[in-house]
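This is what each chain is made of:
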Amino acid sequence: MRKQKTKELVNTEWVERIAVNRLESALLSTGLVVPTIPTGDKAPSWDGEISLYSSQTSFPKRKLVGRIPVQVKGTHVRMLQKKAVYQVEVADLRNFFRDGGAIFFVVQITTDEQYRIFYAPLLRFQLRRLLEQAGNQKTKQISLEEFPVEDKSRLVRILSDFLTNREKQQMLLPHVKSLKDLATSGMVVDHLGFSVPGFGLKKFDDILEELLQHQICIYAKPSGVEVNFAIDLIRPEAIITHQNIQVTVNGEVLYDQIDIIRKTGNIKSFQLGPGIIGTISKDKLNFQYNSCDTLHEQIRQLRLLTALMRGEPVKIGPLVLPYEDFKLTGHTQQEMEQKLSWLQTIARVLERLHVKKDLNLAKMTDEEYQKLRNVVIGIDQGVPVPFSFDGVLAYGKIEFGGISVLLNLKKSEDGKGVYLSNFFDMENLKMTDEAGQSPNDGFAISPYILMDATLLSELDNVDLNEIVQSVEKQSYSTPYGDRIINLTLELLKLYDQSKNLKILDVCLQLLSFVGEHRDTPKELIAINRLQIEKRRRVLSTEEKEYLLTLKRPEVILPYQFAASILLESFQEADLIYERMNENERKLFDGFPIENLWRNSDYRS
């Protein structure tokens, strides 16, 4: 056993014997640990070992959990310290690494025999890091934590946790030494995890408190390998657990879950959404409130806070929050209620416009906010609002806060403003089939007929649930059927961008509507139906047999071409494409079936 030098002349043998004696006494008090630490030994690097058993009644071999090599340092001090560091010989660290690890103890002793024990569990992952940091130095400083001699259960947990992690760290990844290394390694990982100390802990809160007391080792399980590898050591500042507990105000559910935040010292708080953190102490409720970026999060926040200000019952699960004399520093109740009312009006207008995307209030410019204000007032109150840019009356697509909507703008009687309405709610919209034809002679259409894939993608007031109803509401005509086919193809282009399966359902319903009127070639309906189905499944044998009939010589080239693509006869499709005239090629180059030809994602 080695002894650290002190400035005072002391009996080193006395220090050594006292150090070992105090450590052995602490270990023996558990009833589960048998230390074997001789004094005056000359063994290299190790001073002895401690054996951990699973039974207090006897110590048979079958009850042995494991043996832990130890090194013990006694040091004489004038005053006991709260923390300890020690310069360890690099040769010892290297031996510990080769052997799988050791626990390093330092026992501080004063002249009147007061003492304090410190420990450092040195396992292979940490030892590798220490050796790399040491380089060519002969010693390396380590930090030690106080050994909990008064807490027998925790003392055993430390030893048990050491044995568990030693087993896991027999093999190390050569080039992954931190979470950052893992992120840049390209390694596919099934999951991350860590060992949970459990001896003597019966409550979940106690386990979490234990995890906050010391460093924990993070392990990664690479895909295809049934082994976990140590990748980093961290000391959590806080542990956050999600709990499926409803937060309600007068029966209205504001949050479906809360986050419980635990910090060292059994300090607890709870978080609601991304912006409210609450603590309850001595029957007083305290909130830290940071306004969120999005509309619906701000509404939830303000709904909760104004309820507390009004004294309305707020429940977190079965717990009724204390709300007497609740105040929010820097905000009055009137101010908060006015802001909530305005935000709820914005939400109501966006819902009328069928906008499902959340509005980002934080990133709006002053110009965007003025647009939003005019849209909300104009639609909610039905009054004309000023809507012009550089003196020119505005119309069409309007953008604010990451949202883009297409509105119908009608001049007011005095010409000073416009009435606003949702473009897709327009009625009596007509389209002419020939240039110069009077609109009165045109055929009725749904506003969605005017959309292409770009607009369908960009506009947030496009409602997939309304398209079929809007289209079928108009009287059917042959030219209208052609436009519905075109809309279906534009929707397919949109699907190829977004992969939203709802779009394919809409396309099938539109084709079914056109097919009912039997004025569109059945081959055209069938080809488009099959290209829809091919985007989500393999075609059936019956469907493939039908497509083979479209490859007969008497069938027009465009149908032969489409059938070859759907059958994945791509070389044949290339030959047919070369036989098509320039106009036919240009037409097909704009159709979504080209994506099935060019894009291998759709190939079986």
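Quick summary incoming for the structure in this document. Each residue is numbered by its place in its chain's sequence as written, counting from 1. In keeping with the predicted nature of the model, local features appear solely for residues at pLDDT of at least 70, side-chain atom pairs appear and are counted solely at 80 or more, and the whole-chain, interface and lining totals rest on all residues. Side-chain numbers come from the whole structure's heavy atoms, not from hydrogens or water.

**With respect to the sheet that holds strand S12 (residues 247-249)**
Think of a sheet as strands paired side by side through backbone hydrogen bonds, with each pair either parallel or antiparallel. Quick note on the threshold: DSSP bridges decide pairing: two strands pair if at least two such bridges lie between them. Only DSSP runs of H or I covering at least 4 residues are called helices, and only runs of E covering at least 2 are called strands; the numbering of each starts at the N terminus. In this analysis, two residues are considered to be in contact whenever any of their non-hydrogen atoms come within 4.5 Å of each other. Axis lines are fitted to C-alpha atoms, over the contacting stretch for helices. Their N-to-C directions set the angle, which ranges from 0 to 180 degrees.
Spatially, four strands are ordered S13-S12-S18-S19 in an open sheet, and the strand pairing comes out antiparallel. Both edges of this open sheet fall to strand S13 (252-255) and strand S19 (319-320), since each of them pairs with a single strand only. Bridge analysis of S12 against strand S18 (residues 314-316) gives three bridges, and the strand direction is antiparallel. Residue pairing across strands places Thr248 opposite Lys315, the latter belonging to S18. Each of S12, S13 and S18 is contacted by helix H7 (residues 295-310), which is oriented at about 120° to S13, the strand it contacts most.

**Quick word on unusual backbone geometry**
What you tend to see is this: most non-glycine residues have negative phi, and most peptide bonds are trans. In the Ramachandran plot, Ser45 falls in the positive-phi region, its phi being about 75° despite a non-glycine side chain. Within the secondary structure, Ser45 is located in the loop between strand S1 (33-36) and strand S2 (48-53). Within the chain, Arg518 stands out as a residue other than glycine whose phi angle is a positive 55°. Summarising the element assignment, Arg518 is placed in the loop between helix H13 (501-515) and helix H14 (522-534).

**Describing helix H4 (residues 152-168)**
Here is the rule: Residue count minus one, scaled by 1.5 Å, sets the expected span of a helix. Under the scheme applied here, a residue whose accessible area is under 20% of the maximum for its type counts as buried, over 50% as exposed, and between as partly exposed, the area being computed with a 1.4 Å probe on protein chains only.
The first and last C-alpha atoms of H4 sit 25 Å apart over 17 residues, in line with the 24 Å expected at 1.5 Å per residue. Within H4 the residues assigned to the buried category are Arg154, Leu155, Val156, Arg157, Ile158, Leu159, Asp161, Phe162, Leu163 and Asn165.

**Structural notes on the nonpolar core**
Put simply, the rule is: Nonpolar cores are built from buried Ala, Val, Leu, Ile, Met, Phe, Trp, Tyr and Cys residues. Side-chain atoms within 4.5 Å join them into one set.
Of all hydrophobic cores here, the largest spans 50 residues; its most connected members are Leu295, Leu304, Leu359, Val375, Phe400, Leu407 and Leu420. A total of eight residues in this core trace back to one element, the largest contributor, which is H7. Other than its neighbours up to four places away in sequence, Leu304 contacts Val247, Val249, Leu254, Leu272, Ile276, Phe287 and Val314. Met431, Val462, Val468 and Phe513 belong to the second-largest nonpolar core, a separate cluster that totals 36 residues.

**Section: the packing of H13 against H14**
To be explicit about the condition: For classification, angles of less than 35 degrees are called roughly parallel, those exceeding 145 degrees roughly antiparallel, those between 65 and 115 degrees roughly perpendicular, and all remaining angles oblique. When the near helix sits turned anticlockwise from the far one by under a right angle, the crossing is termed left-handed; a clockwise turn instead gives a right-handed crossing. Amino acids are sorted into nonpolar (Ala, Val, Leu, Ile, Met, Phe, Trp, Tyr, Cys and Pro), charged (Asp, Glu, Lys and Arg) and polar (every other residue, Gly among them).
Where H13 contacts H14, the axes come no closer than 10 Å and their chain directions differ by 165°. Here H13 lies roughly antiparallel to H14, going by the angle between them. Of the two possible hands of crossing, H13 and H14 adopt the one that is left-handed. Along the contact surface, H13 presents Leu504, Cys507, Leu508, Leu511, Val514 and Gly515, while H14 presents Ile525, Asn528, Arg529, Ile532 and Glu533. Split into classes, the residues belonging to the contact of H13 with H14 amount to seven nonpolar, two polar and two charged.

**Thoughts on the packing of aromatic side chains**
The line we're drawing: Ring pairs are drawn from Phe, Tyr and Trp, using the six-membered ring of Trp, whenever the two centres fall within 6.5 Å, and their geometry is named by plane angle: stacked under 30 degrees, edge-to-face over 60, tilted for the rest. Sitting over a ring, as applied to charges here, requires NZ of Lys or CZ of Arg to be within 6 Å of the ring centre and within 35 degrees of the ring normal.
Taken as a whole, this structure holds twelve aromatic pairs when the rule is applied. With 5.6 Å between their ring centres and 70° between their planes, Phe588 and Phe591 make a pair best called edge-to-face. Here the aromatic cluster, defined as three or more aromatic residues joined through ring pairs, consists of Phe561, Tyr577, Phe588, Phe591 and Trp597. One cation-aromatic arrangement involves Arg124 over Phe97; the distance from NZ or CZ to the ring centre is 4.1 Å. Above the ring of Tyr495, the side-chain terminus of Lys499 is found at 5.8 Å from the ring centroid.

**Section: the side chain of Ser195**
Put simply, the rule reads: N or O atoms closer than or at 3.5 Å make up a polar contact, with two conditions inside protein: a donor-capable atom paired with an acceptor-capable one, and, for residues adjacent in sequence, both atoms drawn from side chains.
Of note, Ser195 is situated in the loop between strand S8 (189-193) and helix H6 (204-211). Ser195 sits in the buried class, given a relative accessible area of 9%. At 3.1 Å, the side chain of Ser195 forms a polar contact with the side chain of Lys168. Filtering out sequence-adjacent residues up to four positions away, Ser195 remains in contact with Asp161, Thr164, Asn165, Lys168, Leu211 and Tyr219.

**Focus on the environment of Leu32**
Within the element layout of this structure, Leu32 appears in the loop between helix H1 (12-28) and S1. Measuring from C-alpha to C-alpha, the distance between Leu32 and Gln381 comes to 78 Å, with 349 residues separating the pair along the chain. Filtering out sequence-adjacent residues up to four positions away, Leu32 remains in contact with Ser51, Leu52, Tyr53, Ser54, Ser55, Gln56, Phe59, Val156 and Phe199.

**Quick notes on H1**
Taking 1.5 Å of rise per residue, 17 residues should cover 24 Å, and H1 covers 24 Å from first to last C-alpha, within 8% of that figure. Within H1, burial applies to Val15, Glu16, Ile18, Ala19, Val20, Arg22, Leu23, Ala26 and Leu27. At its buried positions, H1 is contacted by S1, S2, strand S3 (64-76), strand S5 (101-109), strand S6 (115-123) and H4.

**Section: the pattern of salt bridges**
Pairing is possible between side chains that carry opposite charge, provided their charged atoms lie close to one another. Operational definition: Whenever a carboxyl oxygen of Asp or Glu lies within 4 Å of a side-chain nitrogen of Lys or Arg, that contact is scored as a salt bridge.
The final tally for this structure, using the stated rule, is 31 salt bridges. Among the salt bridges present, the one from Arg537 reaches Glu533, with a minimum N-O distance of 3.3 Å. A residue is classified by how much of its surface remains accessible, and Arg537, at 33% relative accessible area, is partly exposed. Here the salt bridges share partners, and the residues they tie into one network are Asp505, Arg529, Glu533, Arg536, Arg537 and Glu543.

**Brief notes about the sheet that holds strand S10 (residues 229-234)**
If you trace the three strands from one edge of the open sheet to the other, you get S8-S9-S10, paired in antiparallel fashion. Among the strands making up the open sheet, the edge pair consists of S8 and S10. Mean inter-strand twist for the sheet, computed between neighbouring axes without regard to direction, equals 25°. As defined by bridge partners, strand S9 (residues 216-222) adjoins S10 across five bridges and the pair is classed as antiparallel. Paired with Tyr219 across the two strands is Ala230, which belongs to S10.

**A look at the pairing of strand S15 (residues 267-272)**
Direction of pairing for strand S14 (residues 258-263) relative to S15: antiparallel, over a ladder of five bridges. From the neighbouring strand, Arg262 faces S15, where its bridge partner is Lys268.

**Considerations on the environment of Val227**
Position of Val227 among the secondary structure elements: in the loop between S9 and S10. Owing to a relative accessible area of 29%, Val227 belongs among the partly exposed residues under this scheme. On a C-alpha basis, the gap between Val227 and Ser540 in space is 43 Å, while along the polypeptide they are 313 residues apart. Those residues in contact with Val227 that sit more than four places away from it in its chain are Met171, Ala220, Lys221 and Pro222.

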